[in-house]
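So the chains spell out like this:
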Amino acid sequence: MKKVWAFDIGASNGRLMLNSFDGEKMYLEEIYRFPNHPIHITNHYYWDILSIFSEMKKGIQVSVQQGHDKVESLGIDTWGVDFGLLSKTGELLANPYSYRNPQNAKGMEDALQHITSEELFRQTGVETAPINTVFQLYTIKQQNPALLESADTLLLTPNLLAYLFCGKKNNEFTISSTTQMLRAGTTEWETDILKRLGISRDLLAPVKQPLTIAGDTLSSIHKELQIDPVKVINVAGHDTASALAALPLEDDQSVFMSCGTWVLIGVPVDQPVTQDKAMQWGFTNEGTIEGKYRLQKNNMGMWLLQQCRVIWEREGIDTDFEKENYLFEEAEPFRSVINPDDPRFFNPENMIMEIQLYCQETSQPIPTTQGEMIRCILESLAMKYNWVINRLEKLTSKKLKRIHMGGGAIRNKKLCQLTANATNREVVAGPVEASSIGNAIGQWIALGEIENMKQAREIVQHSFSVQHYQPTKSSSWQSAYERFVHLVDETSS
């Protein structure tokens, strides 16, 4: 049975999954998992990219020790927008900044003096947001110009890590589409934007389509890890694109949700949707493994609850899924709601206090217990997902009947059921490790073991189980949703 390594690295943890394929079914095995968090130094947030790379190599060592010494290839998918800068000699110049860097908001504000949000959206199809690569670059140009002047090549995170393995420089299409620098509907960098912002086009490595081989691992890697050469493949480098590749979407009436720290909700489309309403509602167009697009909205996901857990642990309060579910059930439904995507929740010092302050300022009961906080977060998230899907229907002129949820957050069964209830739609949850499976699909197709995406999705369907959630109708949801919409409109104006 042939095997590939799929590295799926998110903004809270990374993992190495071994995907085996016997010609009919896929089998997935978690080999190694490690934490991954931005590091706060001198008022900046950085990614410890060398630590990430070291953990990836450790994962390979663990896999080899388990007897997996004959592996065909490896692929890497990560979160979007972030990047590393290389010198002319190919050396990493600094630890990459994190998209959560607070300076990016000012960088975006200043960049928009040279080009408008409307122009950016029409030219790239991407929502204007301070996390985007284009604004991160402009921020560096303003605040750390020496770094940019020393840089010869920009590689987006999955391609930077691939470069450390194989020495080849390119930026894969799906991850490149998150930058707000790629011309909509093409694989070309948008030179007009770069010129107006004073960013060198030469800095950006060429864009390559997924399902292609970047190169073989370096001899130094073979010696260190005691492995034979392994092909490094350009999979769908953006984790959402990899997740979408693994979801068994039934027809054009299906919505996908890639669920983790963020939850990305959308539908596949042939070409970017750049109408005014799409921009007004905060939608974006990003690439798929098939070279097409997904019209989607980036939404807050489990970040809110993750940050609450940080505070609870700091206070010595133990928490786990089972306990959280019990506390959720004990709390009063629909007591308080928040707009999960309010900017104040992006990276506060204390998430619990920030949510409490929001409820106080909006004249709602303040959640004080763990259960009240958990229910407030999960119910608000589910209602926001309904808000997004309703607008997707208007943009696509389609009735969207079911939701396919994938990613680690679907382990939270409460979130899945609440999403079904809030949207009044069937939820099909699974596979859990959608990004890893989609990553492996990209490798198997590039290796010629699977013919195309149609065949790949059929294989996924009979290789991995899914769970169905039917909506529980309740008039309470409708009245709570009306409150929620009023609150979102009021706090967003």
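For the structure, check the block above.
So, how was this worked out
Numbers given for residues are sequential positions, taken from 1 along each chain in its written order. Totals for whole chains, interfaces and linings use every residue, but because this is a predicted model, local features are given only for residues with pLDDT of at least 70 and side-chain atom pairs only at 80 or more, for both listing and counting. No hydrogens and no water enter the side-chain calculation; it runs on all heavy atoms of the structure. Per the convention used, a helix needs a DSSP run of H or I reaching at least four residues, while a strand needs a run of E reaching at least two, with both numbered from the N terminus. Throughout, radius of gyration means the C-alpha value; the globule benchmark is 2.2 Å times the number of residues raised to the power 0.38. Should any heavy atoms of two residues lie within 4.5 Å, those residues are counted as being in contact. Computed with a 1.4 Å probe, the accessible areas rest on the Shrake-Rupley method; for each residue, only the protein chains presented here act as cover. Every angle, taken between N-to-C directions, lies between 0 and 180 degrees, and every axis is a line fitted to C-alpha atoms, over only the stretch in contact when it is a helix. Small angles under 35 degrees read as roughly parallel and large ones over 145 as roughly antiparallel, with 65 to 115 read as roughly perpendicular and the rest as oblique. Residues are grouped as follows: nonpolar covers Ala, Val, Leu, Ile, Met, Phe, Trp, Tyr, Cys and Pro; charged covers Asp, Glu, Lys and Arg; every other residue, Gly included, is treated as polar. Note on terminology: a nonpolar core comprises buried Ala, Val, Leu, Ile, Met, Phe, Trp, Tyr and Cys residues joined through side-chain atoms within 4.5 Å. Per-residue accessibility, obtained with a 1.4 Å probe over protein chains only, is compared with the maximum for each type, and a residue is labelled buried under 20%, exposed over 50%, and partly exposed between these values. Like charges within 9 Å and nonpolar side chains (Val, Leu, Ile, Met, Phe, Trp, Tyr) within 5 Å are joined into patches, using only residues over 30% in relative accessible area that form no salt bridge. By salt bridge we mean one thing: a side-chain nitrogen of Lys or Arg within 4 Å of a carboxyl oxygen of Asp or Glu. Asp and Glu are treated as the negative residues and Lys and Arg as the positive ones, with His and the ends of the chain left uncounted. The atoms used to mark charge sites are NZ of Lys, CZ of Arg, CG of Asp and CD of Glu. When DSSP locates at least two bridges between a pair of strands, those strands are taken to pair. Expected helix span is given by 1.5 Å per residue-to-residue step, counting one fewer step than there are residues.

Participant: What should I look at first to understand the overall build of the protein chain in this one?
Facilitator: The helix and strand inventory of the protein chain stands at 19 helices and 19 strands. Relative to a compact globule of 493 residues, whose C-alpha radius of gyration would be 23 Å, the protein chain shows 22 Å and is just as compact. In the protein chain, once contacts between residues fewer than 6 apart in sequence are set aside, the share between residues at least 24 apart is 73%. Of the roughly 19,700 Å² of accessible surface on the protein chain, a fraction of 47% belongs to carbon and sulfur atoms.

Participant: How do you make sense of the packing of helix α2 (residues 104-111) against helix α4 (residues 133-143) when you look at a structure like this?
Facilitator: Helix-helix packing: each pair is described by the crossing angle between the helix axes and the interaxial distance. Two elements in contact, α2 and α4, have axes separated by 8 Å at closest approach and are oriented at 95°. With respect to each other, α2 and α4 are oriented roughly perpendicular. For the pair α2 and α4, contact is made by Asn 104, Lys 106, Gly 107, Met 108, Asp 110 and Ala 111 and by Phe 135, Gln 136, Tyr 138, Thr 139 and Gln 142, respectively. Across the contact of α2 with α4, the residue classes break down as four nonpolar, five polar and two charged.

Participant: Help me understand the nonpolar core in this model?
Facilitator: General note: in soluble globular proteins, nonpolar side chains tend to be found buried as a group. Within the largest apolar cluster, 97 residues are counted, with the highest numbers of intra-cluster contacts made by Ile 265 and Ile 355. Here the element with the most residues in this core is helix α15 (residues 370-396); it accounts for 14 residues. Once residues lying within four places of it in the same chain are set aside, the contact partners of Ile 265 are Val 255, Phe 256, Met 257, Leu 295, Gln 296, Lys 297, Asn 299, Tyr 385, Val 388, Ile 389 and Leu 392.

Participant: Looking at this structure, how should I read a negative patch on the surface?
Facilitator: Together, Glu 313, Asp 318, Asp 320 and Glu 322 give the surface a local cluster of negative charge. Along the chain, Glu 313 falls in helix α12 (residues 303-314). Glu 313 gets classed as exposed once you look at its relative accessible area, which sits at 54%.

Participant: Just to check I follow, could you spell out the sheet that holds strand β3 (residues 26-35) for this structure?
Facilitator: The strands that make up a sheet pair up through hydrogen bonds in the backbone, lying either parallel or antiparallel. A sheet is described by the order of its strands in space; here six strands give the open sequence β3-β2-β1-β6-β12-β11, paired in mixed fashion. Each edge of the sheet is formed by a strand with only one pairing partner; in this case those strands are β3 and β11 (212-216). The mean inter-strand angle of the sheet, taken between neighbouring strand axes irrespective of direction, is 25°. Across three bridges, strand β6 (residues 73-78) lies against strand β12 (residues 231-234) in parallel orientation. Bridge pairing in β12 links Leu 74 to Val 232.

Participant: Please explain α15 as it appears in this structure.
Facilitator: Every α-helix carries 3.6 residues per turn, so stepping three or four residues along brings you back to the same face. Over its 27 residues, α15 runs 39 Å from end to end, which matches the ideal 39 Å to within 8%, given 1.5 Å per residue. The element α15 is largely enclosed, with a buried count of 25 among its 27 residues. Directly after α15, the chain includes Ser 397, whose backbone phi takes a positive value near 55°.

Participant: Where do I start with the environment of Lys 473 in this structure?
Facilitator: Structurally, Lys 473 can be placed in the loop between β19 (467-469) and α19 (475-492). On the accessibility criterion, Lys 473 (73% relative accessible area) is exposed. Taking the C-alpha atoms as reference, Lys 473 lies 9.5 Å from Ala 420; in sequence the two are 53 residues apart.

Participant: What should I look at first to understand unusual backbone geometry in this one?
Facilitator: The phi angle of most residues is negative, glycine excepted, and most peptide bonds adopt the trans form. Gly 430 connects to Pro 431 through a cis peptide bond whose omega is 0°. Along the chain, Pro 431 falls in the loop between β18 (426-429) and α17 (434-446). Positive phi values are uncommon outside glycine, yet Phe 334 reaches one of about 55°. Position of Phe 334 among the secondary structure elements: in the loop between α13 (321-330) and α14 (351-361).

Participant: Is there a simple way to think about the sheet that holds strand β16 (residues 293-300) in this case?
Facilitator: Strand order in this open sheet of seven strands is β15-β16-β14-β13-β17-β18-β19, and the pairing throughout is mixed. Each having just a single partner strand, β15 (284-287) and β19 make up the two edges of the open sheet. Within the sheet, the average angular offset between the axes of one strand and its neighbour, ignoring direction, is 30°. Strand direction decides the pairing type here: strand β13 (residues 254-259) and strand β17 (residues 402-406), joined by five bridges, are parallel. Residue pairing for β17: Val 255 is matched across the bridge by Ile 403. Most of the contacts of α15 go to β16, to which it runs at about 155°, and overall it touches β13, β14 (262-269), β16 and β17.

Participant: Teacher, can you tell me more about the pairing of strand β7 (residues 83-86) here?
Facilitator: Side chains of β7 alternate between two faces, with Phe 83 and Leu 85 and Gly 84 and Leu 86 buried alike. Alignment of β7 against strand β8 (residues 153-156), held across four bridges, turns out to be antiparallel. What sits directly across from Leu 85, in β8, is Leu 154.

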